[in-house]
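The residues making up each chain are set out below.
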Amino acid sequence: MHTTSATVTESALATEAELSDLVEPPSNDLRGRLRAMQVQAVLMLTPMVVAANVVGVATLCLTFRNDVPLPALVAWALALAGGVGLGVRAWWRLRRGHAPTHASPRATTHATRHAALMGLLWALPLPLMSSVATPAQFLILTSITVGIMCAGSAALAPIRNATTAFLALMSAGALAAVLQLSADAVAPMAMLLVVYVAVVLAGAQSWSRLFKARVVAELRAEGQREVIGLLLHDFEQHAADVLWEIDNEGHLRKVSRRMARLLGRTESALEGRSLLELLQRRQRKLRESVAAEGEVALRRLAHHLQDRTPFSHIELPVSIARRTIWWSLTAKPVEGGSGWRGVVSNVTAAREAQHHVWQLAHFDAVTDLSNRHRFRIELDNALESVRQSGEQCAVLCLDLDGFKTVNDALGHDTGDQLLRVVGQRLQAARREGDVVARLGGDEFGLIVRDVSGPDEVALVAGRMLYALSKPCEIGGVTVPLGASLGIALAPRDGQAADVLLKHADLALYAAKAAGRGQFSFYTQSMGARVVKRLDVERALREAIPGKQLQLLFQPQLRLSDGEIIAFEALLRWNHPELGEVPPQDFIPVAEEAGMIHDIGRWVLHQACKEARAWPEAVRVAVNLSPLQVMARDLRADVAHALATSGLPPQRLEIEITESVLMADSHSTLSKLHALRELGVRIALDDFGTGYSSLAYLRRFPFDQLKIDRSFVSEIVDRPDARAIVRATIDMARALRMDTLAEGVEDPSAIELLHEQRCGVVQGYLVARPMPGSEVLAFLQDRAGKPLPAHADSLRGEPGLWAA
């Protein structure tokens, strides 16, 4: 009890402190209402105060009628009647309905002044009456004084200042009356008076604080009820959430317009219908992927309703206008056991956002395939099945050939589109139940479940590579496709995901080293080969800065007069530790590692620089990588090489291979025309090894066709080879193109080529490749000399980019 009283008192003190600090308009409004209620509380006790005053005045007048002059008693009684009349008039206005809802500070000031007036009127006669009072009269005087002080303090307690003023004046009069007593009674009576007044004043002030606290609490509660009502109205009108209510049997009641609109029915049609039945009907047209989750949520809702336990955020899908909408239901039983009240929220946007985050966590944003994270989860599941059932599965790691160059040359947008095409083709070629994923960059993974052995996996791998063997058209540009693939089998090559992925990567490196468009199974010996290839890649990055690259030049001889008309630049790499690395070993590495552009620029600039010192009639031929041809800045590279070296454009011949022209690419043609505009010659290398050469001979006028060495080496012994060479020469002559036969090593081949009117020959029969420093001496020594009568029985030297 004491604790509660202390708490209430503390609350009142806090409220008073809060009110004393309020300065904003809403707080001033609260003060005005508080003052009005204080005044009303005082006025409501007016009848009691009037009665106390009448009884007190009448009693004292009768008691002291013979001891106090009558005029003084009448004047005092009339003055008190006037003071009481002021209070009665205010009380009457209150009864007539003139009670203000707000009061200014003047209202409480007037009340305080009126209380002070009444206290003064009661205090004035006390000393006079005390001085003439007999013991019996003094007892009556004391009783009435105490009664008036208690009644007045109780009536004025809501207004603390009024109580204080009233008590202060009456206690002053009472003290003056006590001083009229005999000397031995003054001290005890004065002490009793002080204690009594202090107790009454403390009680009045405590009651004043409690009154204020109660009134402020009521006013705030009223304001909160108004706000809650407005919020509920606004909630019903504008909020996305909808209120709903059902009875104990689960039937809807008090259906709002928004609830009816949400369910697509009228209020009358929904009134009394089962909520669970309505929700169940809304789930009949859901997709299978969410129908199961909807059934679980509906059972959970029914369980809560049956057990009468509150629930929150039960999310269930419903079908509205052929679209899946997600609702979140929250409710609790109504007090008294008369049903349920709750809220239904539309959380479709949140669910879609959650699904989007899940998609980002498990699927690749470019290809929509599984990402590395999901691939690992699927692989762990597959390996667990392998351990339990004894079946086999395979992991395939696939890497696109030359993707980095395509990405750099054609832009990231084209690269992303190419990745999407690859993903679509892999998805179309996979078996049902197998998992295709993009592991990162241009690397893809495939999990092949439940296989009988390597032969079945080889069929899958072949189907994947075939699906990626055809070029694709992206934005008017034909982009060649190709891939290498590494395979690891479980449990043969490992039963842990990390081990299996590592072995599949090693097999992938081996497939790349063996050539493009191939697949390899993991073997234990692959580790050393992969390490060697990585060593080559690391060392190749230092080849240009370390001045380890060198150009050799092989002459090209015109058969009509035996003159050397050009030299083909051939690239060599001499590493201080690896020794002389063949082009077929390091060129594919350079292409896959994205270093081919830097190496190609170096070759182009060095070849032009060397050729600048040769006679004006001698050209230099530079073979470009297919990836270099696809680069956007090819024309700028050639122009810069010519400008910095000072070599005239007509003395530079650019050789491209038929692999560049595998498909009808407008982009490739436009690049070749741009080079032709510079004035350089364009030669088609390895002619006869592709399937689309004839189509391109019509679309671009090459300056020279280079007949592939595979035909030239057999021209003496095989009639079909001679026929192909003859047809090629005749076709080139008709199209006004020069012809060059590569790999000439047999004098008899020279005679046949001369008979068939081939223009130029190149091979060991003419000369071996030589450093640039020996070219001038070779030209001086060769001047006017006939062809040699025999050649070394060595194989022909491959071109710059031949692998």
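A. Summary view of the overall build of the protein chain. Secondary structure assignment for the protein chain yields 30 helices and 21 strands. Within the protein chain, the proportion of its 803 residues that are buried is 47%. In the protein chain, the proportion of contacts linking residues at least 24 apart, taken out of those at least 6 apart, comes to 66%. Accessible area of the protein chain: about 39700 Å², with a carbon and sulfur share of 56%.

B. Structural detail: the side chain of Glu653. Considering the arrangement of structural elements, one finds Glu653 in strand S16 (residues 652-657). Reaching out from Glu653, the side chain makes a polar contact with the side chain of Arg681 at a distance of 2.9 Å. Setting aside residues no more than four positions away along its own chain, Glu653 makes contact with Arg619, Val620, Ala621, Val622, Arg681, Ala683 and Gln704.

C. Structural detail: helix H28 (residues 719-734). Its 16 residues give H28 an end-to-end C-alpha distance of 22 Å, which sits within 8% of 22 Å, the value for a rise of 1.5 Å per residue. The elements touched by buried residues of H28 are strand S17 (681-687), strand S18 (704-707), helix H27 (709-712), strand S19 (738-741) and helix H29 (747-755). Trailing H28 by a residue or two, Arg736 shows a phi angle of about 60°, which is positive.

D. Broad picture of the environment of Gly411. Residue position: Gly411 is located in the loop between helix H16 (403-410) and helix H17 (412-429). Residue Gly411 is classed as buried on the basis of its relative accessible area of 14%.

E. Examining the nonpolar core more closely. By size, the foremost hydrophobic cluster in this structure holds 117 residues, and its most contacted members are Phe567, Leu652, Phe702 and Leu753. At 7 residues, the largest contribution of residues to this core is made by helix H22 (residues 596-611). If you look at the next biggest cluster of nonpolar residues, it comprises 36 residues, including Leu43, Leu60, Met118 and Leu193.

F. Summary view of H29. Among all positions in H29, only Ala749, Ile750, Leu752 and Leu753 are buried. In a view along the axis of H29, the buried residues occupy a sector of 165°, so they form one face of it. Along H29, exposed side chains directed more than 90 degrees from the buried face belong to Glu751 and Glu755. Summarising the contacts, the buried residues of H29 are in contact with H27, H28, S19 and strand S20 (760-761).

G. Spotlight on a nonpolar patch on the surface. A cluster of nonpolar side chains, contributed by Leu70, Val74 and Leu78, occupies part of the molecular surface with about 300 Å² of accessible area. Relative to the helices and strands, Leu78 resides in helix H4 (residues 70-95).

H. Examining the sheet that holds strand S11 (residues 519-521) more closely. A sheet is described by the order of its strands in space; here 5 strands give the open sequence S6-S7-S5-S10-S11, paired in mixed fashion. Only two strands of the sheet have a single partner each, and these edge strands are strand S6 (435-440) and S11. Strand-to-strand twist in this sheet, taken as the mean axis angle between neighbours without regard to direction, amounts to 20°. As defined by bridge partners, strand S5 (residues 392-400) adjoins strand S7 (residues 443-451) across 7 bridges and the pair is classed as antiparallel. Bridging across to S7, Ala394 finds its partner in Val448. Along the sheet face, helix H19 (residues 497-514) touches S5, S7, strand S10 (483-490) and S11 and points at about 145° away from the line of S10.

I. Fine view of the packing of H22 against helix H24 (residues 634-645). Where H22 meets H24, the closest approach of the two axes is 9 Å, and the angle between their N-to-C directions is 35°. You can see that H22 and H24 cross each other, and the crossing is right-handed. Contacts between H22 and H24 involve Arg601, Leu604, His605, Cys608 and Lys609 from the first element and Asp637, Val638, His640, Ala641, Leu642, Thr644 and Ser645 from the second. Each residue belonging to the contact of H22 with H24 can be placed in one class, and the counts come to 5 nonpolar, 4 polar and 3 charged.

J. Main features of the sheet that holds strand S1 (residues 242-246). Read from one edge to the other, the open sheet built from 4 strands follows the order S1-S4-S3-S2, with strand pairing classed as antiparallel. Across the chains shown, the open sheet's two edge strands, defined by having one partner strand only, are S1 and strand S2 (311-320). Averaged over all pairs of adjacent strands, the angle between their axes in this sheet comes to 30°, without regard to strand direction. The sheet strands contacting helix H12 (residues 275-282) are S1, S2 and strand S3 (323-333), and the helix crosses S2 at an angle near 45°. Against the sheet, helix H14 (residues 348-362) makes contact with S2, S3 and strand S4 (340-346), and its axis sits at roughly 120° relative to S3, the strand it touches most.

K. Looking closely at the side chain of Glu537. Following the sequence through the fold, Glu537 ends up in helix H20 (residues 526-540). Residue classification places Glu537 among the buried residues on the basis of a relative accessible area of 18%. Polar contacts involving the side chain of Glu537 include one to the side chain of Arg541, which spans 3.2 Å.

L. A look at the pattern of salt bridges. Taken as a whole and assessed by the stated rule, the structure comprises 30 salt bridges. A salt bridge links Glu245 to Arg253; the shortest N-O distance between them is 3.0 Å. Through salt bridges with shared partners, a single ionic network connects Glu568, Glu655, Lys706 and Glu742.

M. Expanded view of the pairing of strand S12 (residues 549-558). Counting buried positions along S12 yields 8 of 10 residues, so the element is predominantly enclosed. Strand direction decides the pairing type here: S12 and strand S13 (residues 564-575), joined by 9 bridges, are antiparallel. Within S13, the position partnered with Gln556 by the bridge is Ala566. The loop that links S12 with its antiparallel partner S13 comprises 5 residues; one of these, Gly562, has a positive phi angle of about 75°. Direction of pairing for S12 relative to strand S21 (residues 770-771): antiparallel, over a ladder of 2 bridges. The residue of S21 that forms the bridge with Phe553 is Met770.

N. Representation of the confidence of the model for the protein chain in the model. Per-residue pLDDT for the protein chain has a mean of 80; in total, 87% of the residues score no lower than 70. Confidence drops under a pLDDT of 50 for residues 1-26, and excluding neighbours within four residues, the segment shows 25 contacts in the predicted structure. Here residues 788-803 is modelled with pLDDT under 50, and outside its nearest four sequence neighbours on either side it reaches 43 contacts, counting other chains as well.

O. Local environment of the pairing of S2. Across 8 bridges, the pairing between S2 and S3 is antiparallel. By the bridge assignment, Val318 is partnered in S3 with Ile325. Where S2 hands over to S3, the hairpin turn is made up of 2 residues, of which Ala321 adopts a positive phi near 55°.

P. Representation of the packing of aromatic side chains. Under the definition given, this model contains 8 aromatic pairs. Between Phe567 and Trp614, the ring centres sit 5.1 Å apart and the planes meet at 55°, which makes this aromatic pair tilted. Residue Phe567 is located in strand S13, and its partner Trp614 is located in the loop between H22 and strand S15 (619-623); the two are separated by 47 residues in the primary sequence. Residue class for Phe567 comes out buried when judged on its relative accessible area of 0%. Measuring from ring centre to ring centre gives 6.1 Å for Phe567 and Phe778, while their planes differ by 75°; the resulting arrangement is edge-to-face. Here the residue Phe567 occupies a position in strand S13, and Phe778 occupies one in helix H30 (residues 775-782), the gap between them amounting to 211 residues. Clustering of aromatic rings is evident, with ring pairs tying together Phe553, Phe567, Trp614 and Phe778. The ring of Trp326 carries the charged tip of Arg351 above its face, separated from the ring centre by 3.6 Å. Between Arg768 and the ring centre of Tyr764, over which it is positioned, the NZ or CZ distance is 4.8 Å.

Scoring rules and cut-offs
Residues numbered from 1 in each chain as written. Predicted model: local features only at pLDDT ≥ 70, side-chain atom pairs only at ≥ 80, totals over all residues. Heavy atoms only, no water. Helix = DSSP H or I, 4+ residues; strand = E, 2+ residues; numbered from the N terminus. Buried < 20%, exposed > 50% of the residue type's maximum accessible area, 1.4 Å probe, protein only. Contact = heavy atoms within 4.5 Å. Areas by Shrake-Rupley, 256 points an atom, 1.4 Å probe, with all protein chains shown as cover. Polar contact = N/O pair within 3.5 Å; in protein donor to acceptor, adjacent residues only side chain to side chain. Expected span 1.5 Å × (residues − 1). Core = buried A, V, L, I, M, F, W, Y, C linked by side-chain atoms within 4.5 Å. Arc of directions from axis to C-beta. Patch = residues over 30% accessible without salt bridge, like charges linked within 9 Å, V, L, I, M, F, W, Y side chains within 5 Å. Salt bridge = Lys/Arg side-chain N within 4 Å of Asp/Glu carboxyl O. Pairing = 2+ DSSP bridges. Axes fitted to C-alpha atoms, helices over the stretch in contact; angles between N-to-C directions. Left-handed = near helix turned anticlockwise from the far one by under 90°. Nonpolar A, V, L, I, M, F, W, Y, C, P; charged D, E, K, R; others polar. pLDDT = per-residue confidence, 0-100. Phe/Tyr/Trp six-rings, centres within 6.5 Å; stacked < 30°, edge-to-face > 60°. Lys NZ or Arg CZ within 6 Å of the ring centre and 35° of its normal.

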